[in-house]
Number of protein chains: 2
Amino acid sequence: MQGKEISQAVIRRLPRYYRYLGELLEDGVERISSNDLSERMKVTASQIRQDLNNFGGFGQQGYGYNVKHLYTEIGKILGLEQDHNMIIIGAGNLGQALANYAAFEKRGFVLKGIFDINPALKGKEIRGVKIRMMEELGRFVPENNVEIAALTIPKEKAIEVARVLVDSKIRAIWNFAHTDLNLPEHIIVENVHLSESLMRLSYNICRYNEEHR
Amino acid sequence: MQGKEISQAVIRRLPRYYRYLGELLEDGVERISSNDLSERMKVTASQIRQDLNNFGGFGQQGYGYNVKHLYTEIGKILGLEQDHNMIIIGAGNLGQALANYAAFEKRGFVLKGIFDINPALKGKEIRGVKIRMMEELGRFVPENNVEIAALTIPKEKAIEVARVLVDSKIRAIWNFAHTDLNLPEHIIVENVHLSESLMRLSYNICRYNEEHR
């Protein structure tokens, strides 16, 4: 499989290509040159050619890229051509925001369940998906072939819950808790640390102020 | 100012150091060696020494780092010693999640207002902060010295709202909308593209499957 030798830097950029190509498709654009794509995405055309060459043969000299084909191929590389069953742990605002974001489903991320510790939420539904109590978690994961768990709970609880998930053979954790989970290597963890993102923003404000003082 | 020459890679790691040092402080730890910090953070001790050397003289050979001092200095570099006034645009689940996350305030991010287009929300409060209508936005920003706007609205609206923010002299946008804003260079943009994060997770699941087939 070609994917193996692709650098993490390219991988980090692929979802952005996928997003732009999806928008082009929606706009009915069938072909696009690396120059036009470069202008839209604000990266150099040579960067685009280099990145997309990793996947071999999508572009033709002087003819541009076939948008549909490139979109499909990048989708395959990103694993979006197959469904991934998902659960959300924590039915607070953030968990609800994720549950209500129907676009994930369009990409093949199928929400199977939502879990919380608050008994008042038991049996309620978000977008037709039932909220369940944590006691069910360990059995629910294997029974429903759940691959991905989004963790939107406080850090104090996150490590304990992650252990239950590992024992129930979860494949990946999408971690919004403000802590590192330190799980066995075969568990894939994608962190979204919002406070760190806000600190980078704050750093960039200060650096700008220093430079323009 | 030392900060200027620090690479973006180091900057990306600083908030994580800040988080770990904050936890050490809470646990009452006064000094820590680069080896102990290395073990906790799962990065090499030499990486830690290199990173922290960027800021000069925080560690002493054979004596370790003064946790409080290092925490304070990194906080200064990240711009956390001064307050940043902030607003949230979009009072949906994600906007509410951010508004309810009091830990931001502890770091100096002061929530001044929340904006939405839904008249039913007008005048309601989240954590004591009033929800206002979008018509007020352009005036509110300069009158309240707002530096940062978190955008938690659909991409169709985000570009239009970003323009109002730019005109009202916002400094930075924390962008959760699934689009690139393409703003003038003096506006700092920190993107949180959740669907791209989920695609990287999906890619890593597939790559793992390929390698262990």
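Before going into details, it helps to say that this report is about the structure given with it. On a predicted model such as this, the values are computed, not experimentally measured, just so you know. (Residues numbered from 1 in each chain as written. Chains lettered and ligands numbered in written order. Predicted model: local features only at pLDDT ≥ 70, side-chain atom pairs only at ≥ 80, totals over all residues. Heavy atoms only, no water.)

Right, let's talk about the environment of A:Lys155 for a bit. Mapped onto the elements of the fold, A:Lys155 is located in helix H8 (residues 155-167). Classification of A:Lys155 by relative accessible area gives partly exposed; the value is 28%. With 46 residues separating them along the chain, A:Lys155 and A:Leu201 place their C-alpha atoms 23 Å apart. Once residues lying within four places of it in the same chain are set aside, the contact partners of A:Lys155 are A:Ala177, A:His178, A:Thr179 and B:Glu23. (Helix = DSSP H or I, 4+ residues; strand = E, 2+ residues; numbered from the N terminus. Buried < 20%, exposed > 50% of the residue type's maximum accessible area, 1.4 Å probe, protein only. Contact = heavy atoms within 4.5 Å.)

Aligned on chain A, chain B shows an RMSD of 0.0 Å; the corresponding rotation is 180° and the shift along the axis is 0.0 Å. Taken together, the rotation and translation relating the two chain copies correspond to the operation of a two-fold axis. Using C-alpha coordinates, one finds that chain B approaches the rotation axis most closely at B:Asn93, a distance of 2.5 Å. Interface overlap between copies: 100% of the residues of chain B at the interface are likewise at the interface in chain A, consistent with a symmetric, same-surface contact. (Least-squares fit on C-alpha atoms with pLDDT ≥ 70 in both.)

Before going further, it helps to spend a moment on the sheet that holds strand S6 (residues 125-126) of chain A. Residue and element names in this part refer to chain A. The strand order across the open sheet formed by 7 strands is S6-S7-S5-S4-S8-S9-S10, and the pairing between neighbours is mixed. Because the sheet does not close on itself, it has two edges, and the strands there are S6 and strand S10 (188-191). As paired elements, strand S4 (residues 84-89) and strand S5 (residues 109-116) share 6 bridges and run parallel to each other. Following the sheet pairing, isoleucine 88 is matched in S5 by isoleucine 114. Here H8 sits on the sheet in contact with S4, strand S8 (148-151) and strand S9 (172-175), set at roughly 170° to S8. (Pairing = 2+ DSSP bridges. Axes fitted to C-alpha atoms, helices over the stretch in contact; angles between N-to-C directions.)

Residue and element names in this part refer to chain B. In spatial order, the strands read S6-S7-S5-S4-S8-S9-S10; together these 7 strands make up an open sheet with mixed pairing. The sheet is open, and its two borders are formed by strand S6 (125-126) and strand S10 (188-191), each paired with just one other strand. Sheet analysis places S6 next to strand S7 (residues 129-133), joined by 2 bridges and oriented antiparallel. Its bridge partner being in S7, isoleucine 126 is matched across the sheet by valine 129. Packed onto the sheet, helix H8 (residues 155-167) meets strand S4 (84-89), strand S8 (148-151) and strand S9 (172-175) and runs at close to 170° relative to S8.

Attention shifts here to the side chain of A:Ser202. For A:Ser202, the location among the structural elements is in helix H9 (residues 194-211). One polar contact links the side chain of A:Ser202 to the main-chain carbonyl oxygen of B:Gly79, over a distance of 3.4 Å. In this structure A:Ser202 touches B:Leu78, B:Gly79, B:Leu80, B:His84 and B:Phe109, once residues within four positions along its chain are discounted. (Polar contact = N/O pair within 3.5 Å; in protein donor to acceptor, adjacent residues only side chain to side chain.)

What follows deals with the interface of chain B and chain A. Facing 65 residues of chain B, the contacting portion of chain A comprises 65 residues. With both sides pooled, the region where chain B packs onto chain A buries about 6200 Å², and carbon together with sulfur makes up 60% of that total. When the buried surface of chain B facing chain A is broken down by residue, B:Leu198, B:Met199 and B:Tyr203 rank first, second and third, together holding 12% of it. In this structure, the salt-bridge partner of B:Arg200 is A:Glu190, at a minimum N-O distance of 3.5 Å. Remark: the boundary between chain B and chain A carries 31 residue pairs in polar contact (both at pLDDT 80 or more). Looking at the side of chain B that touches chain A, the elements that each hand over two or more residues are helix H1 (8-26), S4, helix H5 (93-100), S9, S10 and helix H9 (194-211) of chain B. Here the side of chain B that touches chain A gets 18 residues from one element, more than from any other, and that element is H9(B). When grouped by side-chain class, the residues that make up the side of chain B that touches chain A number 30 nonpolar, 18 polar and 17 charged. (Buried area = accessible area lost by both parts, 1.4 Å probe. Salt bridge = Lys/Arg side-chain N within 4 Å of Asp/Glu carboxyl O. Nonpolar A, V, L, I, M, F, W, Y, C, P; charged D, E, K, R; others polar.)

On to the packing of aromatic side chains, then. Residues and elements named next belong to chain A. Tallied over the entire structure, the rule returns 10 aromatic pairs over all chains. A centroid spacing of 4.6 Å and a plane angle of 75° characterise the contact between tyrosine 101 and phenylalanine 104, whose relative ring orientation is edge-to-face. Assessed through its relative accessible area of 5%, phenylalanine 104 is described here as buried. Taking the centre distance of 5.7 Å and the plane angle of 80° together, the rings of phenylalanine 104 and tryptophan 174 count as edge-to-face. With phenylalanine 104 in helix H6 (residues 103-106) and tryptophan 174 in strand S9, this residue pair connects regions lying 70 residues apart in the sequence. Assigned by exposure class, phenylalanine 104 and tryptophan 174 land together as buried. In this structure an aromatic cluster arises from ring pairing among Tyr101, Phe104, Trp174 and Phe176. (Phe/Tyr/Trp six-rings, centres within 6.5 Å; stacked < 30°, edge-to-face > 60°.)

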